[in-house]
Amino acid sequence: MGNRSSLLLREEEIAQIQEETGFTPNQIERLYSRFTSLDRGDCGTLSREDFLRIPELAINPLGDRIVHAFFEEGCSDRVNFLQFMQVLAHFRPIKKGRDNKLNSREQKLKFAFKMYDLDNDDKISKDELLAILHMMVGANISEEQLTSIAERTILEADQNGDQMISFEEFCNALERTDVEQKMSIRFLN
Amino acid sequence: MALIWSVVSVSCSILVMPFLMFLLAIIFLASIGKSLGVRRLYVKMLLKIFEYGRENIEIAKKDRHTSCDNSENEDEDDVEGQRDKEKGSSNVTCHYLNHSNHMLHKMDRKLKNGVLANNSTSVISREDLILVPDPEQNYTSASTVNSEGDHTAVIHNFPRRRSFETLKREFELSDCLNFVKAGVEAIIEDQVTHRFEAEELKSWNLLTRTNLHYEFISWRLSFIWMVGFLMRYCFLLPVRVLICFIGVMWLTICTGIVGYVREGKFKRWLNYHVSIMCFGVLSSALSAVITYHNTENRPKCGICVANHTSPIDVLVLACDNCYALIGQRHGGFLGILQRALARASPHIWFERSEVKDREAVAKRLRQHVSDPRNPPILIFPEGTCINNTSVMQFKKGSFEVGSVIYPVAIKYDPKFGDAFWNSSRYSMMQYLYLMMTSWAIVCDVWYLPPMYQQEGESAIDFANRVKSAIARQGGLVDLMWDGQLKRMKAKPEWKEKQQEEFSKRLKIDTKKQE
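Residues numbered from 1 in each chain as written. Chains lettered and ligands numbered in written order. Predicted model: local features only at pLDDT ≥ 70, side-chain atom pairs only at ≥ 80, totals over all residues. Heavy atoms only, no water.

- The name recorded for chain A in an unreviewed UniProt entry is Calcineurin B homologous protein 1, from Cryptotermes secundus.
- For the record of chain A, the UniProt heading Sequence similarities (unreviewed entry) holds the text "Belongs to the calcineurin regulatory subunit family. CHP subfamily." (UniProt positions renumbered as here; feature names shortened; annotations may be inferred.)

In structure tokens form, the structure reads like this:
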């Protein structure tokens, strides 16, 4: 049956995760059982393959970028449960009057920004935008058309004229977008 | 020491006679097609025990989870929560009568704030984009997910969103957000991966295997569990193993005898009754309680298709009707069984090398089906075992033959024992062991009216039509994902289709050329 290492979380661990992410103990337990079911090798951590084994994620054009977001901190090839929860916490709905550490509007925008920013230099260059466009459309649109789309997008968002989109410019460009709704997942119970 | 031995041997010899009588009685009753109704009584009793256990657990849970997660529930304007509250409140009223007043305050708080009995085992609610292999159905899937597990599921579309999305728009930086959200939702909870594991039960059925987070609830419950454990392992298991052994021998002998009869109408009649009797004996080895619905649609010829949960499906169906089986030729004991069965009735057994050759398979199917006197062939088009909460893609091979299709829906009740065979986790022997130490196998079988391939309908469309009929009848979720995802990775073509779909929605500025 495999070695189910610590199937139950310890109280301190739950408390720590609740403190950092804002999830309720119930939600933490449910997500932990999801984490363990993804962890085929029973090692307590997830690798990129574990994520991409999920069919819906594997066919998602941005699947690789999303998985990469979990591995961003540190250089390790594996994600432990705390890191897993910290990333998921970005998608908690914003609660008014509550301390939103990881799921504020700015945090959500930062997460979206990191999807585009491939080399983590806090700027989105034209090539990075082009790379993301490639991921999303595949071979269905020609190179020139994609380049013109990328150029137009940068032109519209760039305010200081450096041909790159900084995080502030990104936030301004998405000012009218309902980021709370688009980047929040409704958790039951 | 010697005294104990003599006592044991005396008691054994006293018990042996009635025991043998009991076994013979089972075989005799199976052969005349009647049953004592003992199993149904047993199942009813179990239901009462489970209900008691569930109440016990709920009381204990209320004691423990006081205010920590109540506050989180306040802002969830949950339509489902409303519904659950109504359902939950009727469960609670019987508790009011039985337990002390200090519970009342806690329960009041629970009722006001959130979901009482968690009727859904979902973690999140998915209303937007859910990616599926056929991107045109990306949005419609979202509406079917929320009605999961509901026998009267209504499938409604969200046309407003779809028509809005089909307008071509220019690319914006926020376009990636849909994919990102869909991806993260899939990481938390997706449609497919949990179909290859045993179904999660809503309340404990007193088997340790289903209660991974076993916590001590109450002395009464633990006592009941202990009694159940002893009964299952010390009484039921040996009896069932014995019956199974005898049943298999009986099957081999009977089919061997039938095999010697000359071909003709009498042989077919004999085979029909012998087959049902032998499988009836085998079904008591698992304490199977099967309810057949709509027996007027019972297949008489052609091809019978059903959703696949475990090898026991064959047993369940063969207790009511005689089928021709189709499968790979095995060596060893299973091979002997196959040869015995083949003598009595026309089954289709393949050599391993032929299995891959679809033409050969189709040819033999057609041959079998063309003779209306042959029994119907039993086929499981999913090709692999799924956990009985959903129906996955049907392979089109059996739908191309052009014969009449009799769909059958099988739904097991997981409270009494989960029949799903997780072949990556358990071997066949382990699985049988688990089956024989469960409470019982309780299932419903619905025979659906025969379906024919229509003019101009492709085999794939026909297969999907049959699949949704089976899913609807059995209260299962109709998925278009391939069951082979249990072992294989998602195909790159599916991602390419998603990319294509997205690029169709992009308005491209074709004026600029330089």
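Past the structure itself, the notes keep going.
## Re the pairing of strand 3 (residues 303-306) of chain B
Residues and elements named next belong to chain B.
- Here strand 3 shows two buried faces, one formed by I303 and V305 and the other by C304 and A306.
- The pairing of strand 3 with strand 6 (residues 377-379) spans three bridges and is parallel. Considered in strand 6, the bridge of I303 is made with I377. (Buried < 20%, exposed > 50% of the residue type's maximum accessible area, 1.4 Å probe, protein only. Helix = DSSP H or I, 4+ residues; strand = E, 2+ residues; numbered from the N terminus. Pairing = 2+ DSSP bridges.)

## Focus: the pattern of salt bridges
All names here are of chain A.
- This structure, assessed with the given rule, holds 24 salt bridges over all chains.
- Residue E13 is joined to R10 by a salt bridge in which the shortest nitrogen-to-oxygen separation is 3.4 Å.
- Overall, the relative accessible area of 27% leaves E13 in the partly exposed class.
- Through salt bridges with shared partners, a single ionic network connects R10, E12 and E13. (Salt bridge = Lys/Arg side-chain N within 4 Å of Asp/Glu carboxyl O.)

## Concerning the packing of helix 8 (residues 126-137) of chain A against helix 17 (residues 492-504) of chain B
- At a minimum axis distance of 6 Å, the contact between helix 8 of chain A and helix 17 of chain B shows a crossing angle of 110 degrees. By the angle between their directions, the pair helix 8 of chain A and helix 17 of chain B is classed as roughly perpendicular. Counting all contacts with helix 8 of chain A, which are made through A:H134, A:M135, A:M136 and A:V137, the residues of helix 17 of chain B involved are B:Q499, B:F502 and B:S503.
- Across the contact of helix 8 of chain A with helix 17 of chain B, the residue classes break down as four nonpolar, three polar and no charged. (Axes fitted to C-alpha atoms, helices over the stretch in contact; angles between N-to-C directions. Parallel < 35°, antiparallel > 145°, perpendicular 65-115°, else oblique. Contact = heavy atoms within 4.5 Å. Nonpolar A, V, L, I, M, F, W, Y, C, P; charged D, E, K, R; others polar.)

## Some words on the domain arrangement of chain A
Residues and elements named next belong to chain A.
- Per the domain assignment, the segments of chain A are domain 1 (11-91) and domain 2 (105-183).
- Distance between the C-alpha centres of domain 1 and domain 2: 25 Å.
- Counting residues at the interface gives ten residues for domain 1, matched by twelve residues for domain 2.
- Of all residues in domain 1, the largest losses of buried area upon contact with domain 2 belong to R65, H90 and F91, amounting jointly to 54% of the total for that side.
- Our count for the domain 1 to domain 2 interface comes out at zero salt bridges.
- Our count for the contact surface shared by domain 1 and domain 2 stands at three residue pairs in polar contact (both at pLDDT 80 or more).
- Ranked by the residues each element gives to the side of domain 1 that touches domain 2, the list is headed by helix 5 (residues 63-70), at three residues.
- Grouping the amino acids of the side of domain 1 that touches domain 2 by side-chain chemistry returns six nonpolar, one polar and three charged. (Domains from an automatic or database assignment. Buried area = accessible area lost by both parts, 1.4 Å probe. Polar contact = N/O pair within 3.5 Å; in protein donor to acceptor, adjacent residues only side chain to side chain.)

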